[in-house]
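Examination of the molecular architecture
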Amino acid sequence: MTLECSRLERRYDDFTFGPVDLTVEPGVTAVLGPSGSGKSTLLSLVAGFEPPDGGTITVDGAGIDQRPPEDRSVGMVFQNYALFPHLSVRENLEFGAVKAGSIDSTAQLLEIEPLLDRDPKTLSGGEAQRVALARALVSDPSVLLLDEPLSSLDAPIRRRLRVELRDILADLDIPVVYVTHDQEEAAVVGDRLAVLADGRLVREGPVESVFDQPESAFVAAFLGIENVYPATVRTESRNGTVVAVDGTELLAAGEPPDGDLAVAIHPESISLNGQSRTTGDSNSLDCTVSRVLTQHTDATVLLDWPGPDYLTATVDRQIAGQLRVGDTCRASIAPDAVHLTRRDR
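First, a word on what this report is: a plain description of the structure on this page. Note that the structure is a prediction, hence the values are computed from the model and not measured.

1. Details of the pattern of salt bridges
- Applying the stated rule across the entire model yields 15 salt bridges.
- Two residues, lysine 121 and aspartate 119, come together in a salt bridge whose shortest N-O distance is 3.3 Å.
- Lysine 121 sits in the exposed class, given a relative accessible area of 61%.
- The salt bridge partner of arginine 130 is glutamate 164, with a shortest N-O separation of 2.1 Å. Taken together, the residues span a long stretch of sequence, with arginine 130 in helix H4 (residues 125-137) and glutamate 164 in helix H5 (residues 155-170) at a distance of 34 residues.
- The buried category is assigned to arginine 130, whose relative accessible area is 14%.
- Within the structure, one salt-bridge network assembled from shared partners comprises Arg10, Glu50 and Asp53.

What follows is the structure, encoded as C-alpha cells:
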C-alpha cells in the first residue's frame, strides 16, 4: 500500500500550498514544519476535507482526490480526538467499525478493554488518545493520518505514549502520516521525516539521514541544530573541505553543495577539554565559557569562540560541573560532524 501525492496544490488568498510531491510507503512518515507551513493543509487534502487546486492523490495507483472523505479509506486521528461525547467508548468504536470482531481485537491491541463501557468525558488524555486511535483503526483504513495526537498531553505522558505509539504504528503495515511540531517526537515515532516550509516540501528522507544531513540552514535550525553559520569554501581536497566561518577555518568531511554555503554542527558532537566523543582528526578551537545550563541528564554550555554568536555544546553533567563562567577551554569537532548545507531552504 502506497500513498502518493503528485504536484499537489491548494491556493488560498494569502498562502499557497505546493506543488508538493510526497510518497508515503508503509511505515510512519512524520511531517514537521513551523506554524503556517502547510502541515494541516496536507492532511486536509489527503483526507478529503478540502479539494486540491492541482495535482493528484493516489493509493496504490488508484486516484482518491475526487472521492468524498467517506469513500477514501483514510483514517484520521484529530488533535482534540473528536470523540462523540454522547456515545460510550464501545459505541464510538462501533460507529466506524467495518469488520466483525475488530472492536475487541483492537481494544486488546491498544489495552483499552476496561474503557469500553466508559463515557468519553471521564477519560484521561492518554486514554482518549488511545480510544481515538482505536476508532480510526477499526475502520480498516488503507492510510492513517494523525494530527498532533500527543500535543494536548503533559510532557511525561507524551514521552511514554510516543514510544508505545511507535510500536503500535510499526505493526500496521499501511502508510501513516504523522503531523507534529515536536522534533524529538518525530524522531522517535517516524521512520521517515518530511519537512515543510511556506507550503513547500524542503527535505524528506529517513529520520537519521535528515537529522545528520539537513541539506539547508533552515532545516538544520528547525531540527534543533543550534550551531548554524554562514560559511565560504577555502580549499577542497580528498581529505575534505576547508571552510571559513567568520574567518575561523574548519575542516568538513563532505563536499559543499551548490549555492551559498552554511555549516551545521550538532551540539552533541562537540567535545570539551579532551573529553572526545568524536572520531577522526578534530577541529580544535580555543573558547571561553559564557554560560552553563544544567539539565536533568546533561548540560548545555554556551561558548564564546572566534566565530559568530555562540558555539553551543551539549556535554555530560560531570564535565559541565568542572566548568565555570570565564574559564578557557578547548572545543573539538570531528570533520564528519561539520555538515555543509545550503544557506537557503
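2. Some points on the sheet that holds strand S1 (residues 3-11)
- Strand order in the open sheet formed by four strands is S2-S1-S4-S5, and the pairing between neighbours is antiparallel. Edge strands, defined here as strands with exactly one partner in the open sheet, are strand S2 (16-24) and strand S5 (62-63).
- Sitting on the sheet, helix H1 (residues 39-47) touches S1, S2 and strand S4 (54-59), and the angle it makes with S1 is about 115°.

3. Remarks on the pairing of strand S18 (residues 310-316)
- The element S18 is extensively covered by neighbouring structure, given that five of its seven residues are classed as buried.
- In this structure, strand S17 (residues 298-304) lies alongside S18, joined through seven bridges in antiparallel fashion. Among the inter-strand pairings, threonine 300 is bridged to a residue of S18, identified as threonine 314.
- Linking two consecutive strands that pair antiparallel, namely S17 and S18, is a turn of five residues; a positive phi of about 55° is found at aspartate 309 within it.

4. Considering the sheet that holds S17
- On the basis of which strands lie adjacent, the open sheet formed by five strands has the order S15-S19-S16-S17-S18 and antiparallel pairing. Looking along the sheet, the strands with just one partner apiece sit at the ends: strand S15 (270-272) and S18. Sheet twist, expressed as the mean angle between neighbouring strand axes with direction ignored, is 45°.

Parameters at a glance
- Residues numbered from 1 in each chain as written.
- Predicted model: local features only at pLDDT ≥ 70, side-chain atom pairs only at ≥ 80, totals over all residues.
- Heavy atoms only, no water.
- Salt bridge = Lys/Arg side-chain N within 4 Å of Asp/Glu carboxyl O.
- Buried < 20%, exposed > 50% of the residue type's maximum accessible area, 1.4 Å probe, protein only.
- Helix = DSSP H or I, 4+ residues; strand = E, 2+ residues; numbered from the N terminus.
- Pairing = 2+ DSSP bridges.
- Contact = heavy atoms within 4.5 Å.
- Axes fitted to C-alpha atoms, helices over the stretch in contact; angles between N-to-C directions.

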